[in-house]
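Take a look at the letters that make up each chain.
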Amino acid sequence: MAEIAAALARTPLATWHANAGARLVEANGWLVPAGYRTVEEEVAAMEKGGGLVEISSFGKILLTGSAVPILSWSLMGMGAAMKPHGVHAFAANGPVVGCRLAEDQLLLLASALTTMGLEQYLANICRGQQVSNNNLTTTLAGFWLIGSHVEATLRCVTDISLRAALPGPAACAQTRVAGVHAILIRSEELTLPAVRVYVGWDVGEYVWESLLRAGRETGLAAVGLEALERVRKPLPGMPASMP
Amino acid sequence: MSTGHESPLRGKLVDDTRALSFTFEGRPIQARAGQTLGAALHAAGIRMLSRSFKYHRPRGLYCAAGDCGNCLVQVDDQPNVRACLHAVQGGETVSAQHAWPALGFDLMRVVDKLDWLFPVGFYYKRFHKPRWAWPFFERWLRKAAGLGRIDLDGSPAEDTRCEHLHAEVCIIGAGPTGWSAALEAAGAGAEVLVLESLPRIGGHLLYDDSARPALDAFSTLPTSHPRIRLLTSATAFGIYEGNLIGAVQDRRFLKIRAQHVLVCTGARQQPFVFQNNDLPGIMLGRAAQRLLQLHGVVPGQRAVVLTHHDSGRALVRQLQAAGIAVVALVDQRPHADGAPLGDARMLTGATVTSALGNKHLKGVRICKLNSDGTLDTTQQQEIACDLLCLVSAPVPANELLRQVGVRFTLSEGGWRIVEGVTGVSAAGAVAGTQDVLAQMQEGRRRGAEAAVASGHSVTTMPEVPALTATPGAVSAFSPALLPREQKRFLCLCEDVTEKDCQQAVAEGFDHPETMKRYTSTGMGVCQGRACSEIVRAACSQLTQRPSGEVKGTTSRPPAVPVELSLLAASSFHPIRRTPLHALHQNAGARWLDAAGWQRPESYGDVRAEVRAVREAVGLIDVSTLGKLEVFGPDAGDFLDRVYLNRWSNLAIGKARYAALCLEDGVLFDDGIGARLAAEQYYLTTTTGNAEAVYQWLELWRTTWKMRVTIVNHTVGLGAINVTGPRARELLARVIRWDASAAEFPYMTARDGEVAGVLCRVLRIGFVGEVGYEIHCPSAYAWHIWKTLSEQGMLMGLKPFGVEAQRVLRLEKGHLIIGQDTDALTTPLDAGLEKLIDFNKPAFLGRDPLMKLRARGNRGRLVGFTLEDPATIPDEGCQIVEQGQSVGRVSSIRFSPTLEKHIGLAWLPADRAQVGNRFTIRVLGADVPALVADRPFYDPRGDRLKG
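Residues numbered from 1 in each chain as written. Chains lettered and ligands numbered in written order. Predicted model: local features only at pLDDT ≥ 70, side-chain atom pairs only at ≥ 80, totals over all residues. Heavy atoms only, no water.

Some points on the overall build of chain A
To keep it simple, the criterion reads: Strands here mean DSSP runs of E at least two residues long; helices mean DSSP runs of H or I at least four residues long; both are numbered from the N terminus. The globule rule is 2.2 Å times the number of residues to the power 0.38, and the radius of gyration it is compared with is taken over C-alpha atoms. Exposure categories follow from relative accessible area, calculated using a 1.4 Å probe and restricted to protein chains: below 20% of the type maximum is buried, above 50% is exposed, and the middle band is partly exposed. Working definition of accessibility: Shrake-Rupley area with a 1.4 Å probe, residue cover restricted to the visible protein chains. When charges are counted, Lys and Arg are positive and Asp and Glu negative, with His and the chain ends excluded. Charged groups are reduced to one reference atom each: NZ for lysine, CZ for arginine, CG for aspartic acid, CD for glutamic acid.
Scanning chain A from N- to C-terminus turns up 8 helices and 14 strands. Its C-alpha radius of gyration of 17 Å places chain A within 12% of the 18 Å reference for a compact globule of 243 residues. By residue count, 60% of the 243 residues in chain A fall in the buried class. Accessible surface, chain A as shown: approximately 9400 Å² in total, 54% of it carbon and sulfur. Put simply, chain A has 18 plus and 20 minus side-chain charges, and the middle of one group is 5 Å from the middle of the other.

With respect to the packing of aromatic side chains
Residue and element names in this part refer to chain B. The condition is simple: The pairing test for Phe, Tyr and Trp rings, Trp by its six-membered ring, is centres within 6.5 Å, and the orientation test on the planes gives stacked under 30 degrees, edge-to-face over 60, and tilted for anything in between. Throughout this description, the term charge over a ring refers to an Arg CZ or Lys NZ atom that lies within 6 Å of the ring centre and within 35 degrees of the ring normal.
This model, assessed by the stated rule, comprises 24 aromatic pairs over all chains. Where Tyr643 meets Trp647, the ring centres are 5.7 Å apart and the plane angle is 65°; that geometry is what we call edge-to-face. By the burial criterion, Tyr643 is buried, and Trp647 matches it. Look at Trp737 and Phe744: their rings are 5.6 Å apart centre to centre, the planes differ by 85°, and that puts the pair in the edge-to-face class. For the pair Trp737 and Phe744, a shared accessibility class is recorded, and that class is buried. Here Arg614 stacks its cationic end above the ring of Tyr937, 3.8 Å away from the centre of that ring.

Focus on the confidence of the model for chain A
As a reminder of what qualifies: Every residue is assigned a pLDDT by the predictor, reflecting its confidence on a scale from 0 to 100. Only heavy atoms enter the contact rule, under which two residues are in contact if any of them lie within 4.5 Å.
Of all residues in chain A, 95% have pLDDT values of 70 or greater, and the mean over the chain is 90. Every residue in residues 239–243 of chain A is under pLDDT 50, and counting partners more than four places away or in other chains gives 10 contacts.

Quick notes on the side chain of B:Gln35
Residues and elements named next belong to chain B. Here Gln35 lies in the loop between β2 (27–33) and α1 (37–43). Owing to a relative accessible area of 2%, Gln35 belongs among the buried residues under this scheme. Look past the residues within four positions of Gln35 in its chain and what remains in contact with it is Val14, Ala40, His86, Ala87, Val88, His295 and Val297.

Re the packing of helix α17 (residues 635–642) of chain B against helix α18 (residues 690–704) of chain B
All names here are of chain B. Going by this rule: Working convention: axes come from line fits to C-alpha atoms, limited for helices to the stretch in contact. Angles between N-to-C directions cover 0 to 180 degrees. We call two directions roughly parallel when the angle between them is under 35 degrees, roughly antiparallel when it is over 145, roughly perpendicular when it lies between 65 and 115, and oblique otherwise. Note on convention: near helix rotated counterclockwise from far helix by under a right angle means a left-handed crossing. Clockwise means right-handed.
Where α17 meets α18, the closest approach of the two axes is 11 Å, and the angle between their N-to-C directions is 115°. Classified by the angle their axes make, α17 and α18 are roughly perpendicular. α18 is crossed by α17, and the crossing has right-handed handedness. Taken together, the residues of α18 that come into contact with α17 (itself represented by Phe638, Arg641 and Val642) are Trp696, Leu697, Trp700, Arg701 and Trp704.

Quick word on the packing of helix α16 (residues 606–615) of chain B against helix α21 (residues 802–812) of chain B
Residue and element names in this part refer to chain B. In contact at an axis separation of 9 Å, α16 and α21 are set at 55° when each is read in the N-to-C sense. Relative to α21, the element α16 is oriented oblique. Taken as a pair, α16 and α21 cross one another with a handedness that is right-handed. Here Val606, Glu609, Val610, Val613 and Arg614 of α16 come into contact with α21, specifically with Glu803, Ala804, Val807, Leu808 and Glu811.

Describing the side chain of B:Lys840
Residue and element names in this part refer to chain B. Worth spelling out the cut-off: For salt bridges, the criterion is a side-chain nitrogen of Lys or Arg within 4 Å of an Asp or Glu carboxyl oxygen. Pairs of N or O atoms within 3.5 Å make up the polar contacts considered here, provided that, within protein, one atom can donate a hydrogen while the other can accept it, and that residues adjacent in sequence are counted only when both atoms are side-chain atoms.
Note that Lys840 resides in the loop between α21 and α22 (846–855). In this structure, Lys840 is buried with no salt-bridge partner, the nearest side chain bearing the opposite charge being Asp640 at 4.8 Å. A polar side-chain atom of Lys840 sits 2.6 Å from the main-chain carbonyl oxygen of Tyr643. A polar atom in the side chain of Lys840 sits 2.6 Å from the backbone oxygen of Asn645.

Describing empty space enclosed by the protein
So the rule is basically this: In this analysis a 1.4 Å probe is tested at points of a 1 Å grid over the protein atoms alone, and where it fits but cannot get out there is a cavity; an open set with protein on both sides within 12 Å along at least five of seven lines is a pocket; lining residues have an atom within 4 Å of a point. Grid points are joined across faces, edges and corners, and a volume is the space filled by probe spheres set on the points.
Scanning the entire structure with this criterion turns up 4 cavities of 30 Å³ or more. The space that makes up the largest cavity amounts to roughly 50 Å³. If you go around the largest cavity, the residues you meet are A:Trp201, A:Asp202, B:Arg577, B:Thr578, B:Pro579, B:Trp597, B:Ser623, B:Lys627, B:Thr714, B:Val715, B:Leu717 and B:Ser778.

Here we look at the confidence of the model for chain B
Residues at a pLDDT of 70 or more form 97% of chain B, whose mean pLDDT is 92. With pTM at 0.84, the complex prediction returns an ipTM value of 0.95.

A short note on the environment of B:Leu114
Residue and element names in this part refer to chain B. For Leu114, the location among the structural elements is in the loop between α2 (110–113) and α3 (122–125). Judged by relative accessible area, Leu114 falls into the partly exposed class, the value being 30%. Taking C-alpha positions, Leu114 is 34 Å from Gln301, a pair spaced 187 residues apart along the chain.

Points about the sheet that holds strand β42 (residues 859–866) of chain B
All names here are of chain B. Selection criterion: By definition, two strands form a pair when at least two bridges between them are found by DSSP.
One closed barrel holds the 6 strands; their spatial order is β42-β45-β44-β43-β46-β47, and the pairing between them is antiparallel. Geometrically, the sheet is characterised by an average inter-axis angle of 45° between neighbouring strands, direction not taken into account. Alignment of strand β43 (residues 878–881) against strand β44 (residues 884–895), held across 4 bridges, turns out to be antiparallel. Residue pairing in the sheet places Glu881 in a bridge with Gln884 of β44. Contacts from α21 reach β44 and β45 (900–908) within the one sheet, and its direction differs from that of β44 by about 115°.

Some remarks on the nonpolar core
As a reminder of what qualifies: In this description, a nonpolar core means a group of buried Ala, Val, Leu, Ile, Met, Phe, Trp, Tyr and Cys residues linked to one another through side-chain atoms lying within 4.5 Å.
Of all hydrophobic cores here, the largest spans 102 residues; its most connected members are B:Phe22, B:Leu319 and B:Leu388. With sequence-adjacent residues up to four places away left out, B:Leu319 is seen in contact with B:Ala288, B:Leu292, B:Pro299, B:Ala303, B:Val305, B:Ile324, B:Val326 and B:Cys389. With 35 residues, the next largest nonpolar core counts A:Met46, A:Leu107, A:Leu225 and A:Val231 among its residues.

A closer look at the environment of B:Thr519
All names here are of chain B. Summarising the element assignment, Thr519 is placed in helix α12 (residues 512–519). Taking the relative accessible area as the measure of exposure, Thr519 reaches 5% and is therefore buried. Residues Thr519 and Val560 lie 41 residues apart in sequence; the distance between their C-alpha atoms is 20 Å. A polar side-chain atom of Thr519 sits 2.6 Å from the main-chain carbonyl oxygen of Met515. A polar contact of 3.3 Å, which involves the side chain of Thr519, links it to the backbone nitrogen of Thr521.

Some thoughts on the pattern of salt bridges
Residue and element names in this part refer to chain B. Under the criterion given, the structure shown has 59 salt bridges over all chains. The shortest N-O distance in the salt bridge between Asp331 and Arg333 comes to 2.9 Å. Between Glu769 and Arg614 there is a salt bridge, with its nearest N and O atoms 3.0 Å apart. Here the residue Glu769 occupies a position in the loop between β39 (757–763) and β40 (771–777), and Arg614 occupies one in helix α16, the gap between them amounting to 155 residues. The class of Glu769 is buried, set by a relative accessible area of 1%.

Details of the interface of chain A and chain B
Just so we agree on the cut-off: Once two parts are brought into contact, the accessible area they lose, counted with a 1.4 Å probe and summed over both, makes up the buried area.
Counting residues at the interface gives 37 residues for chain A and 37 residues for chain B. Buried area between chain A and chain B, both sides added, is near 3000 Å², and the carbon and sulfur share of it is 57%. Ranking the residues of chain A by area buried against chain B places A:Met1, A:Arg155 and A:Asp202 at the top, with a combined share of 22%. At the boundary of chain A and chain B, one finds 4 salt bridges. A salt bridge links A:Glu205 to B:Arg577, with the shortest nitrogen-to-oxygen separation between them at 3.7 Å. Between chain A and chain B we count 11 residue pairs in polar contact (both at pLDDT 80 or more) in total.

Following this line, the structure appears as structure tokens:
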């Protein structure tokens, strides 16, 4: 076998970020955009016009099966995610957001660039349960849409009523965004209004560009992961910012 | 220089401090911010703005509200802009359209004089004899028809966007009624969205100052509310099923969903019918009011007002207050109020029979009416004027309501709703209520009801206003009793005259719906807003049927013209990209759309790509293939039931060709399947059917209640096929495991690291060479492709695209589902009989396939070569025998390897023997071909399995 460089995982937007002048850095085996401008400028941009951050590299695990209700209870207690469309943040070897997509589907979103800790945690919890554990990290592209114009931006790309579909501060819904299937998640993880958008890896770049186009009037701009960490709220018992 | 058209009043929509300019027909025009093009042109003394659709007659401002097509102009590269609505931005180049060589001197005006040649429906009657003449005239007529010219070379508008809005109550119209309703609904707790076509709330109170008590009442209302979202300059054009409202605002297409829709669109005036009733200088009374009050423009210097309604007197007062000399008020009612109004002569029981002038109004001819409504031709007079205001009884602007099925009737008391629709209501003038204070009261009531319908409660439900009689709610149409020297227009947009409608009735088109189709009334820009009532009244009188028995035409969206670019803004065109997209782009890929995916068709030189695969090694991105994992205790049995061959007996680590049928035995899809563990299978599908096969498996899994889980990895895994005689050598450079033919033989599968990434590798081949299909997490596909490319650089490696793959597979004789098959092809036809395990107790399509097998084959997919390569057939060309089609060519390519054209074709089974000759019809010529043995290349499969 020849000498081969270490494998580096790329998000569906890695080339887009590079072409847009992002500072690409290596983190936990992923090539991710640290930022396009200074962190302060990007935080200010998020507060003013809104920011779009790619988080495709963050771990995503889908639990499916009849044991999902009991597993939800084991993982999150009587949190909001006990019911379909509920969302609850908790700690599982790192900050995790549980999204109850359906009665028998729980999507777990790691707020870090690796699912290793979460997978270890789940291995113990899921043992012997009627549940299928599917790592969707490279199946779903994910974005944080941040800022006070989130709803105005999403109104241009989805026909659902966000107030009805994502009631309250933490909720999730499945709908179409820019004509493709998407999962929308509202949670209280950030200090600014924000919605996570998850779509297929193959349409990641298309949806990213559609969102930027939709938010052009309100000043939506691409933002890096460093600025995202600045607006992250601390989870109870967890540091505000992930390494 | 003063044109005499500046108003002493300040326009309510005009910012006097901002001067703007634009050009019209090359002439610089000054405007003030907020003015429309039409108002600015009128202020500049320009009366003629356009030429009419058929007769090229001069036309000017008529409704000043976007309800007619009289003021269509070209603004920069945009045709058919309504000058009365387009607010001047500054710098526009405005030109007239539909006139040649110039607006003021249009040679096509000759059509007006030759009207005997163009009666209604002339294209069914004229120019057809002699027969050879029609193609010529058809071309000429098509060229002459239509309004405006689209710049076909220009880039499409990309500044439009679509926005989805939601509200509990959506109120269309923010006049006194709509705004009162909005405040009431919001006060009851409802989230209210208000659409107003004007830039401000107030509706007709903005320009009609006759309803003083209502103005005072309206001015006390709050102008905002925290639960009201007001969208000004927003026009609703349709209400669709489920209370979906289509609207436009600036460059935005709004799709609004509301629990309850309240329509408060008011009413509009209708044209009067008399000779030359289309001359510039004739306009609706409200148009004159709008020019005066909204834009600060004097509509004329010497005015006549024609009316049959009390509001005619109010207009006279308003014009006089603006300094306009009103020379006469002509009231058709014999007993109208004849009290003097300043210097205006009061002519009651009279009407205007003719407008005088050529390019614009110079005077009117007035005739006394007898008590029975007929004309007393002994009492006629002519009055010089440059402005004729038409003030008819208001007709509800109810097209949106009629779209959803609300029915109206005209009774003695005016227009009334006789049939409503759940979830949609109306208030104000659109519902037939005329008094403005009563309209506001009704608005409050309907607003409260809408809030209640949306789940809110009100402490006190506002009272319903008492019905008031509508004075003078009569038709503005009266049949001509004078010789028809000049045209009397019913439909201005389409140039349809009273005579045309008479002709239509004489030919049997005696209902507004059939009359519309025959004469095209209401098919123009106004979509019937300006003319539908006048045409309905005309139809009633011409057919001598009572008005109540003649129903109007059906209203359909869009009620107002909407730019196609705005409608297009609501559609999305998702683009699916593989993880290697940017690498292909950098390598010069030419793209092919395949089931929404962008795939490299080639990288420039297909033959070189084919040669690289045959002689060295090639790489192709096959990430678009469907990738399904099927696992569980019943996985083997499940696949036995779905696929044609048997899967439960497949050894672990082995792979098989996988084909499946629908229940009717028609070939559905194919791919490769591998058994990874006792209860775990991995299947690939074609690119186009990936989602369909997944759904198909899910359907039968749930139907049969089998203990199986199906996971769709199509987008989660990238896939790269490395193939060619040096493929194994290349793979060996990036793996630490043994990929030799002995350890990893043909049709096997395993998991193993490739370039440091854990992958699933299938030892399969589609192109007839040693091949490995590497499936890896999408995020690592880039790394693996780059590594293979670097390591294969000195081996002659080339990336190859879909086109080279098609050539290579054709050399190998493989079919492609969808290209070589159609919606009737069975696996028996396609030569896959050996694959089918009829010994299985059941599988999808078994019974029909058994019957077909017993009946014998209908057709066969065969390989062929051309005997004479001088003419190359295209795919889809028919195979003919004695002039009859007996088959078709499904694939054909030039094979660089075999240096000749080869293909696949469908032939009747009895003509499918190798060596048979057949004929392909190519553009009328017959091309001889020969059935050939397939595969064409490496028939024993030594290279593939080696």
